[in-house]
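# Topology and contacts: notes
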Amino acid sequence: MSGGRLIRAIDELYRRAVVEAREVDDASLAAWLEDLSLEFEERPPKRVAGALRKSARNARRLAGYWRSDDREAAALPDWRNGVDEVLGGAGWRPHLDLARHRLATDPSPEAFDAVKTWFRAVHFVEWMEGVTYEEWLDDPRRAR
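Rules used in this analysis
- Residues numbered from 1 in each chain as written.
- Predicted model: local features only at pLDDT ≥ 70, side-chain atom pairs only at ≥ 80, totals over all residues.
- Heavy atoms only, no water.
- Core = buried A, V, L, I, M, F, W, Y, C linked by side-chain atoms within 4.5 Å.
- Buried < 20%, exposed > 50% of the residue type's maximum accessible area, 1.4 Å probe, protein only.
- Helix = DSSP H or I, 4+ residues; strand = E, 2+ residues; numbered from the N terminus.
- Contact = heavy atoms within 4.5 Å.
- Arc of directions from axis to C-beta.
- Expected span 1.5 Å × (residues − 1).
- Phe/Tyr/Trp six-rings, centres within 6.5 Å; stacked < 30°, edge-to-face > 60°.
- Patch = residues over 30% accessible without salt bridge, like charges linked within 9 Å, V, L, I, M, F, W, Y side chains within 5 Å.
- Areas by Shrake-Rupley, 256 points an atom, 1.4 Å probe, with all protein chains shown as cover.
- Salt bridge = Lys/Arg side-chain N within 4 Å of Asp/Glu carboxyl O.
- Lys, Arg positive; Asp, Glu negative; His and termini not counted.
- Charge placed at Lys NZ, Arg CZ, Asp CG, Glu CD.

Okay, the nonpolar core next. Tyr14, Val18, Trp32, Leu52, Leu62, Trp66 and Val83 are the most contacted members of the largest nonpolar core, which totals 43 residues. Every element with two or more residues in this core is listed here: α1 (3–19), α2 (26–37), α3 (46–66), α4 (79–87), α5 (93–105), α6 (109–123) and α7 (133–138). Discounting residues that sit within four places of it in the chain, Trp32 has contacts with Ala9, Ile10, Leu13, Leu52, Ser55 and Ala56.

With that out of the way, let us pick up α4. Burial in α4 covers these residues: Trp79, Gly82, Val83, Val86 and Leu87. The arc that holds the buried residues of α4, viewed along the axis, is 100°, so those residues lie on one side. The positive-phi residue at the C-terminal boundary of α4 is Gly88, with phi of around 65°.

It is worth spelling out α5 at this point. Between the first and last C-alpha of α5 there are 18 Å, a value that for 13 residues agrees with the 18 Å anticipated at 1.5 Å per step. If you check which residues of α5 are buried, you get Pro94, His95, Leu96, Asp97, Leu98, Ala99, His101 and Leu103.

Remark: the centre distance and the inter-plane angle together describe each pair of aromatic rings, the angle taken between the planes. In the structure shown here, the tally under the stated rule is eight aromatic pairs. Arranged with centres 6.2 Å apart and planes meeting at 50°, the rings of Trp79 and Trp92 form a pair that is tilted. Separated by 13 residues along the polypeptide, Trp79 in helix α4 and Trp92 in the loop between α4 and α5 bring together distant segments of the chain. Taken as a pair, Trp79 and Trp92 share a single burial class, namely buried. Ring geometry for Phe112 against Tyr133: centres 5.9 Å apart, planes inclined by 65°, an arrangement best described as edge-to-face. Linking Phe112 in helix α6 with Tyr133 in helix α7, this pair joins segments that are 21 residues apart in sequence. Taking relative accessible area as the criterion, Tyr133 reaches 12% and is therefore assigned buried. Among the aromatic residues, those joined into a ring-pair cluster are Tyr14, Trp79, Trp92 and Trp118.

As for its placement among the helices and strands, Tyr14 is situated in helix α1. On the basis of relative accessible area, Tyr14 is assigned to the buried category, the value being 0%. Separated by 44 residues in sequence, Tyr14 and Asn58 place their C-alpha atoms 8.0 Å apart. The contacts of Tyr14, once residues within four sequence positions are left out, are Ser55, Asn58, Ala59, Leu62, Trp79, Val83, Gly91, Trp92, Pro94 and His95.

Turning to a positive patch on the surface, a few remarks are in order. Together, Arg43, Lys46, Arg53, Lys54, Arg57, Arg61 and Arg93 line one region of the surface with positive charge. If you tally residues by element for the positive patch, the top one is α3, at five residues. Relative to the assigned elements, Arg57 resides in helix α3. The class of Arg57 is partly exposed, set by a relative accessible area of 42%.

So this is what it looks like as structure tokens:
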């Protein structure tokens, strides 16, 4: 399963945890993890499996927060604001971990841009600011 599809699956899980919080429980999270694991021919790489487990734990926290009667997710401009409100930048770390895994295992300009995007979302600073993919790829200091 590609890193992009995994990120979209996490996004959908997070969206449900914010907007449909009452439908997200331990059973649905276990089913989500099981469904994703079936898409791999072998066990997912350790880094990928860790990111997926962290996403499920994050979704549990999100749903617990938004399930409360005094919280109104419908008032949010976007479900992503609900993730930021509850988890802050740390909520996007599984996305960054998947993007980093993709860049390490299958380097491409898209993977490089994904790391830049998610690094900024998690750490609130730029990663490799002003460096292009080609410059990064040609840098002899980059671990191969």
